[in-house]
Amino acid sequence: MLKLVVFDCDGVMFSSREANRAYYNDLLRAFSCPPMNEVELDFVHVQNVFTSVAYIFRNHPQVDMTEVNRYRRHLDYTPYLRHMEMEPDLPDFLRLIRPRYHTAISTNRTDTMDTILDTFALRPWFDLVVTATVAPRPKPAPDGLLMILDRFQVRPEETIYIGDSEIDREHCAGVGVDLIAFRNSALPARYHVDSFMAITALEPFQRAGNR
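Chains are numbered independently. Their residues run from 1 in the order of the written sequence. Where local features are concerned, this predicted model is filtered to residues with pLDDT of at least 70; where side-chain atom pairs are given and counted, the filter is 80 or more; whole-chain, interface and lining totals use all residues. Side-chain metrics rest on all non-hydrogen atoms present in the structure, leaving aside hydrogens and water.

Draft legend 1. Broad picture of the overall build of the chain. Secondary structure elements follow DSSP: runs of H or I of four or more residues count as helices, runs of E of two or more count as strands, with numbering from the N terminus. Along the chain, the regular secondary structure elements total nine helices and eight strands. A compact globule built from 211 residues should have a C-alpha radius of gyration of about 17 Å, and the chain, at 18 Å, falls within 12% of that. When a residue's accessible area, from a 1.4 Å probe over protein chains only, is under 20% of the maximum for its type it is buried; when over 50% it is exposed; and in between it is partly exposed. Residues counted as buried form 50% of the 211 residues belonging to the chain. Of all intrachain contacts in the chain linking residues separated by at least 6 positions in sequence, the fraction that spans at least 24 positions is 64%. The averaged location of the 29 negative side-chain charges in the chain is 3 Å from the averaged location of its 23 positive side-chain charges. Just to be clear, the radius of gyration here is over C-alpha atoms, and the globule rule we use is 2.2 Å times residues to the power 0.38. The contact rule is simple, with two residues in contact once any of their heavy atoms fall within 4.5 Å. Just so you know, the count uses Lys and Arg for positive and Asp and Glu for negative, and it drops His and the chain ends. Where a charge lies is defined by one atom per residue type, namely NZ (Lys), CZ (Arg), CG (Asp) and CD (Glu).

Draft legend 2. Region of interest: the state of the cysteines. Disulfide assignment relies on a single distance test, namely cysteine sulfur atoms paired within 2.5 Å. All chains considered together, the criterion is met by zero disulfides. Cys9 supplies the cysteine sulfur nearest to Cys172, a cysteine that is in no disulfide, at a spacing of 16 Å. Here Cys172 falls in the buried class, since its relative accessible area comes to 1%.

Draft legend 3. Here's a closer look at the sheet that holds strand 5 (residues 128-130). What the six strands build is an open sheet, ordered 5-4-1-6-7-8; its pairing is parallel. Looking at strand neighbours, the two that pair on one side only are strand 5 and strand 8 (191-193), the edges of this open sheet. On average, each strand axis in the sheet is tilted by 20° relative to the strand beside it, whichever way the strands run. Think of it this way: DSSP has to see at least two bridges between two strands before they count as a pair. Inspection of the sheet shows strand 7 (residues 178-182) paired to strand 8 by three bridges, in the parallel sense. Along strand 8, the bridge assignment pairs Ile180 with Tyr191. Structural elements are reduced to axes, namely lines fitted to C-alpha atoms, with helices fitted over the stretch in contact, and the angle between N-to-C directions of any two is expressed from 0 to 180 degrees. Each of strand 1 (4-7), strand 4 (102-106) and strand 6 (159-163) is contacted by helix 5 (residues 90-97), which is oriented at about 160° to strand 1, the strand it contacts most.

That's the geometry; what it means functionally is another story.
This is the structure in structure tokens:
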């Protein structure tokens with residue numbers, strides 16, 4: 001029986017592509033570098049911030065990366081929240097499942113996750129949040145999911161993960177957790193949905209409701 005539902009953040013709970021574009025382009029601009037192209041934006045949209053910063057500055061050897069990372073640590077993320085759009089049915093879905101299942105987040109975000117949870121009043125809906133700064137290794141490594149499974153003492157077959165990228169698929173495969181592909185029909189996954197409320201019709205949720 002399903003006991004635990006784990007969420008990715010970017011591309012699932014939030015449409016955050018434009019927030020990532022603005023954030024990383026501002027970081028590049030601060031060091032007189034040109035903005036990202038679409039390939040670079042695709043990359044940073046799914047990777048953790050440490051890998052992303054190294055990637056977007058890879059062609060700018062004149063830049064001191066120590067200074068970049070120092071600047072980034074003091075860059076207030078609050079102005080970028082206006083570019084983030086929460087999925088409209090996420091609150092309804094959380095209200096529906098929360099009494100029955102444990103809920104957690106496994107994300108490659110780092111120190112921006114707290115600001116997001118508090119700004120959008122989502123913190124009370126999640127039992128555990130594992131970021132790239134908490135997990136020993138970021139996604140696609142399985143570490144974050146393993147930490148979550150251990151915390152709730154549940155088995156992989158009692159867990160489901162909602163993600164949207166190949167990194168999420170690898171994250172789940174490393175543990176043996178089923179993946180719900182969110183708005184990505186091309187992603188290999190056991191289930192595919194285009195909204196949160198559509199998840200309630202999936203077989204694991206129906207089976208749990210009939211126990």
